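Inside the fold
In case you want the letters, here they are:
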Amino acid sequence: MDQKVSAPRAGSAPLIDPFQRAISYLRVSVTDRCDFRCVYCMSENMTFLPKAQLLTLEELDTMCSTFIGMGVEKLRITGGEPLVRKGIMTFFDAMTRHLDSGALRELTLTTNGSQLEKFAPDLAAAGVRRINVSLDTLDDTKFAQITRWGRLPQVIRGIDAAQKAGLRVKINVVALKGFNEDELFSLTQWCATRDMDLTFIEVMPMGDIGNEDRLDQYWPLRDLRARLAERFTLTDLAERSGGPARYVRLEETGQKIGFITPLTHNFCESCNRVRLTCTGELYMCLGQEDMADLRAPLRANPGDTAALEEAIRAAIRLKPKGHDFDYSRQVVDGKMSRHMSHTGG
Ligand code: SAM
Ligand code: SF4
């Protein structure tokens, strides 16, 4: 497929779901593979999808460009580890045209940082301005333990390279009981020293992860926030990203701290996003099984996106009101069978 979708089609109406939420944010998982095996995300022996099932880079371009033509203004590339997808810079470079035209306001990614040393300058050149890097600990041994295959110095070098290339880096930390509780202040200070914002994420019940127990891992952010408030002055910020994050400013450091609390908070009423998997399934909600296959209409009509657009509109009409995650009864309710690396975190 060499025909490039470039601009909004004339008369293309914005994507509005049944609850009057405008869909302006698409998260795209470009691969289910990863060079790490974080214990809360994957089991050690993951079976990955056969390559033929993945969208090609050209198909990813057509998908994203079609969504942009329908009003998506923010694109987050994720995975698996997006930077291990072969040829992924070709895709980033291709998306630059939408930044140049003004149709896309932000092109960004979430990464484990392992490949950043290599790719940071290219990402900056493609128009990426901000990235999220996942980092749960600053201790070499604990890092190897939580990621199984990752090595901390490589990720630190990646963060150095990203900052050097002018990318604004935000660190994502999954809050894990008994694992990084003791690093709350050191992680916060380390980020402050490097002028990086920080977001804490509650562990979510996504996919079978072998012998790990979700309730053992769960550290409610309500508790984390209270501990932070013992040492810092927290000012609530009105800022909303349309997602599950709530933000505060730490007055002493000036940092913005995010809390992603799908389990203790309901964030669904302002949800502006949908998620595309690497096989072309569109998930209208991270916490529900409903999805639409967009790969079939795409592959059935090479060079013509009308059927794809109709499939997208039909899917958005089915976007549910919200998710059903609930740990409050000390059992994992609303558990999802698919992994975060499949849907894209
Ligand atoms: N590999 C990249 C990374 O780690 O940043 C991108 C994909 S990863 C699935 C995206 C985010 O999801 C990461 O910040 C990761 O820590 C988080 N994540 C993975 N599994 C999770 C889970 N079960 N609960 C909460 N967050 C999770
Ligand atoms: Fe890989 Fe990211 Fe999942 Fe860790 S959280 S295993 S880095 S996809």
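Summary of the structure given here. Small disclaimer: the values here were computed from a predicted structure and weren't measured.

**Topic: the overall build of the chain**
Broken down by element type, the chain carries 11 helices and 12 strands. Residue pairs in contact within the chain that sit at least 24 positions apart in sequence constitute 73% of those at least 6 positions apart. With the model as given, the accessible surface of the chain reaches about 14500 Å², and the carbon-plus-sulfur share is 50%.

**Some words on the sheet that holds strand β7 (residues 234-236)**
Taken in spatial order, the 12 strands line up as β7-β8-β9-β6-β5-β4-β3-β2-β1-β10-β11-β12 in an open sheet, and their pairing is mixed. One side of each edge strand has no neighbouring strand; the edge strands of this open sheet are β7 and β12 (291-293). Ignoring strand direction, the axes of neighbouring strands in this sheet form an average angle of 25°. In terms of strand pairing, strand β2 (residues 74-78) meets strand β3 (residues 106-111) through four bridges, oriented parallel.

**Digging into the packing of aromatic side chains**
As enumerated under the stated definition, the model contains four aromatic pairs in all. Each ring, one from F91 and one from F92, has its centre 6.0 Å from the other, and the planes form 70°; the classification is edge-to-face. With a relative accessible area of 1%, F91 lands in the buried category. Relative to F232, the ring of F185 lies with its centre 6.2 Å away and its plane at 45°, an arrangement referred to as tilted.

**A closer look at the site of ligand 1**
Around ligand 1 sit 19 residues in total, of which Y40, G80, S134, V174 and M204 are the nearest. One of the backbone nitrogen or oxygen atoms of G80 is found 3.0 Å away from a nitrogen atom of ligand 1. Between ligand 1 and the protein, one listed contact pairs an oxygen atom with a side-chain N or O atom of S134 at 2.5 Å. Counting only elements with at least two residues in the shell around ligand 1, the list comes to β3, β5 (168-175) and β6 (197-202).

**A closer look at the environment of A126**
Here A126 shows up in helix α3 (residues 116-126). C-alpha separation for the pair A126 and L99, spaced 27 residues apart in sequence, amounts to 9.1 Å. Discounting chain neighbours no more than four positions away, the residues touching A126 are M89, F92, D93, T96, L99 and L107.

**A closer look at the pairing of strand β8 (residues 245-250)**
Here β8 lies mainly inside the structure; five of its six residues are buried. Note: β7 against β8, three bridges, orientation antiparallel. The residue of β8 that forms the bridge with L234 is L250. With five bridges connecting them, β8 and strand β9 (residues 256-260) associate as antiparallel partners.

**Considerations on the site of ligand 2**
Around ligand 2, the neighbouring residues are C34, F36, C38, C41, G80 and N112. Its residues assigned to classes, the shell around ligand 2 comprises four nonpolar, two polar and no charged.

**Observations concerning the pattern of salt bridges**
Across all of its chains, the model carries 16 salt bridges by this definition. For R148, the salt bridge goes to E44, with nearest N and O atoms at 3.9 Å. With R148 in the loop between α4 (140-147) and α5 (152-164) and E44 in the loop between β1 (25-29) and α1 (57-69), this residue pair connects regions lying 104 residues apart in the sequence. A relative accessible area of 19% places R148 in the buried class.

**Here we look at the nonpolar core**
In terms of nonpolar packing, the biggest core is built from 98 residues, with F92 and I171 touching the most fellow members. Each residue touching I171, except ones within four places of it in the same chain, is listed here: V133, L135, I159, W190, C191, M196, D197, L198 and T199.

**Re α5**
Here α5 spans 18 Å end to end across 13 residues, near enough to the 18 Å set by a 1.5 Å rise per residue. Along α5, the residues classified as buried are L152, V155, G158, I159, A161 and A162. At its buried positions, α5 is contacted by α3, β4 (130-134), α4, β5 and α6 (184-193). One or two positions beyond α5, positive phi appears at G166, with a value near 90°.

**A closer look at unusual backbone geometry**
The phi torsion at Q20 lies on the positive side, around 65°, for a residue other than glycine. Assignment of secondary structure puts Q20 in the segment before β1. Looking at Q20, the relative accessible area reads 65%, which means it is exposed. The backbone of D195 sits at a positive phi, close to 60°, despite the residue not being glycine. Take D195: it is sitting in the loop between α6 and β6.

**Regarding the packing of α1 against helix α2 (residues 88-101)**
Remark: α1 packs on α2, axes separated minimally by 10 Å, with the N-to-C direction vectors making an angle of 25°. Between α1 and α2, the angle is such that the two are roughly parallel. In this structure, the crossing between α1 and α2 has a hand that is right-handed. Counting all contacts with α1, which are made through L57, L60, D61, C64, S65 and I68, the residues of α2 involved are I88, T90, F91, A94, M95, R97 and H98. Class assignment of the residues belonging to the contact of α1 with α2 gives a composition of eight nonpolar, three polar and two charged.

So, how was this worked out
Residues numbered from 1 in each chain as written. Chains lettered and ligands numbered in written order. Predicted model: local features only at pLDDT ≥ 70, side-chain atom pairs only at ≥ 80, totals over all residues. Heavy atoms only, no water. Helix = DSSP H or I, 4+ residues; strand = E, 2+ residues; numbered from the N terminus. Contact = heavy atoms within 4.5 Å. Areas by Shrake-Rupley, 256 points an atom, 1.4 Å probe, with all protein chains shown as cover. Pairing = 2+ DSSP bridges. Axes fitted to C-alpha atoms, helices over the stretch in contact; angles between N-to-C directions. Phe/Tyr/Trp six-rings, centres within 6.5 Å; stacked < 30°, edge-to-face > 60°. Buried < 20%, exposed > 50% of the residue type's maximum accessible area, 1.4 Å probe, protein only. Near = heavy atom within 4 Å. Polar contact = N/O pair within 3.5 Å; in protein donor to acceptor, adjacent residues only side chain to side chain. Nonpolar A, V, L, I, M, F, W, Y, C, P; charged D, E, K, R; others polar. Salt bridge = Lys/Arg side-chain N within 4 Å of Asp/Glu carboxyl O. Core = buried A, V, L, I, M, F, W, Y, C linked by side-chain atoms within 4.5 Å. Expected span 1.5 Å × (residues − 1). Parallel < 35°, antiparallel > 145°, perpendicular 65-115°, else oblique. Left-handed = near helix turned anticlockwise from the far one by under 90°.

All quantities given are derived from atomic positions and should not be read as evidence of function.
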